[in-house]
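# Topology and contacts: notes
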Amino acid sequence: MSVAKIRLEHVRKEFEVRGDNGGAARRFTALDDVSLDVQPGEFLALVGPSGCGKSTLLDLLGGLATPSSGRILLDGRPITGPARDRGVVFQQYALFPWRTALQNVAFGLEVAGVGTAERHDRARHYLDLVNLAAFANRYPHELSGGMKQRVAIARSLAYDPDVLLMDEPFAALDAQTREQLQTELLRIWRTTGKTIVFITHGIDEAVVLGQRVAVMTARPGRIKQVITIPEALRSDSEDVRALPLFGEVRHEVWTLLREEVLKTQAAQSGPVHGVAASGASRQEAAHV
Ligand SMILES: Nc1ncnc2c1ncn2[C@@H]1O[C@H](COP(=O)(O)OP(=O)(O)OP(=O)(O)O)[C@@H](O)[C@H]1O
Ligand SMILES: [Mg+2]
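One structure accompanies this document, and this report is about it. Computed from a predicted model, the values in this text were never measured in an experiment.

Right, let's talk about the overall build of the chain for a bit. A tally of helices and strands in the chain yields eight helices and 10 strands. For a compact globule of 288 residues, the expected C-alpha radius of gyration is about 19 Å, and the chain comes in at 20 Å, within 12% of that figure. Across its three principal directions, the C-alpha atoms of the chain cover 60 × 50 × 45 Å. A buried classification covers 38% of the 288 residues belonging to the chain. In the chain, the share of contacts with a sequence separation of at least 24, taken over all contacts with a separation of at least 6, comes to 69%.

This is the structure we're talking about:
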């Protein structure tokens, strides 16, 4: 059997938080006993209620934080910190405002010591891949939200990481741009064979993008269930959203997630709100 690209073994993450009213600091469990394998070249989508620990998990995968217990292996070796084998794309476009699109994409290559001509060539190649070749010399404030997010994706691809870690990268975009970038990301994934872990609040987005969708529980986050998306929904030539099977799978994910969202709401606002929340419209609950 092949070695998992990423392996999470009983990962727990606690934070120390200040007590109420100046009380003693206490431990706060964000993630509890998370175990999961991601295969080489797999596209895994991760959904879960707000505050369940998704970004915390991505920080651990990125090496920006360390587990309180358990281990995370990349190619069979423990992650010891951030490295260029993993590219991270955040929800907010973390671009340098004083650099053009091209210079932003070239940034990681510059840090890695790649010469000017080569890094500009490579940056152009990745800008082209995200359909932004014509905007290479624009500054971030001259780009739309969707374009900025494309630049961020190109930047994370430019140093050719094996793994892309994406934390709600399309959440701030309008529906059309989001769908366009989903299509583009799938195309890039198909052509590059990268392993992608993609966090989202959108159930449709998870089902469209993921080969598997991992649903997390309310905090402390665990993996509640992992759903394998049927091959029939992985077509790049037809609108899979229109297939009845899409609706069925979407409903399965929605049902699992809704239970956890309701738990989160009940825990945050007491029993009265908890009951009221169960009457939330499907639309609201679907976009948690
Ligand atoms: N550095 C920290 N110190 C203390 N608590 C933290 C820290 N980082 C995150 N947390 C807490 O851990 C829990 C999980 O946070 P996290 O950001 O991972 O959630 P999330 O699933 O990404 O939520 P969202 O969907 O809203 O982005 C939250 O309750 C948060 O307050
Ligand atoms: Mg988050």
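One can find R124 in helix α3 (residues 116–129). On the basis of neighbour counts, which here come to 17 C-beta atoms within 10 Å, the residue R124 falls in the partly exposed class. The sequence separation of R124 and A154 amounts to 30 residues, and the corresponding C-alpha distance is 9.3 Å. For R124, the residues in contact, after removing those within four places along its chain, are L102, A133 and A136.

Now for the site of ligand 1. Around ligand 1 sit 13 residues in total, of which F15, S50, K54, S55 and T56 are the nearest. Taken together, the elements giving at least two residues each to the shell around ligand 1 come down to β1 (6–17), β2 (26–38) and α1 (54–62). Ranked by the residues each element gives to the shell around ligand 1, the list is headed by α1, at three residues. For the shell around ligand 1, the per-class residue count stands at five nonpolar, six polar and two charged.

In this section: the sheet that holds strand β3 (residues 43–47). Here six strands make up an open sheet; going across it, the order is β6-β7-β8-β3-β9-β10 and the pairing mixed. Each of the sheet's edge strands pairs with one partner strand only, and the pair in question is β6 (86–89) and β10 (223–228). Neighbour-to-neighbour, the strand axes of this sheet turn through a mean angle of 15 degrees, independent of strand direction. In the sheet, β3 pairs with strand β8 (residues 195–199) via four bridges, with the strands oriented parallel. Note that in β8 the partner of F43 across the bridge is I196. Running at roughly 155 degrees to strand β7 (residues 163–167), α1 makes contact with β3, β6, β7, β8 and β9 (212–216) of the sheet. Sitting on the sheet, helix α4 (residues 145–158) is in contact with β6 and β7, with an inclination near 170 degrees to β6.

Rules used in this analysis
Each chain has its residues counted from 1, following the order in which its sequence is written. Ligands are numbered from 1 and chains lettered from A, in the order in which they are written. At least 70 in pLDDT is required for a residue's local features to be given in this predicted model, at least 80 for side-chain atom pairs to be given and counted, and no such filter applies to totals for whole chains, interfaces and linings, which use all residues. Numbering of helices and strands starts at the N terminus; helices are DSSP runs of H or I of at least 4 residues and strands are runs of E of at least 2. With the radius of gyration taken over C-alpha atoms, the globule rule is written as 2.2 Å times the number of residues to the power 0.38. With C-beta atoms placed from the backbone, a residue counts as buried when 20 or more other C-beta atoms lie within 10 Å of its own, as exposed when 12 or fewer do, and as partly exposed for counts between those limits. We call two residues in contact if the C-beta atoms placed from their backbones are at most 7 Å apart. Each residue receives a C-beta atom built from its backbone; the residue is near a molecule or strand if that atom lies within 6 Å of it. Gly counts as polar in this scheme, as do all residues outside two lists: the nonpolar Ala, Val, Leu, Ile, Met, Phe, Trp, Tyr, Cys and Pro, and the charged Asp, Glu, Lys and Arg. Strand pairing requires that DSSP identify at least two bridges connecting the strands. Axis lines are fitted to C-alpha atoms, over the contacting stretch for helices. Their N-to-C directions set the angle, which ranges from 0 to 180 degrees.

Don't take any of this as a statement about function, it's just geometry.
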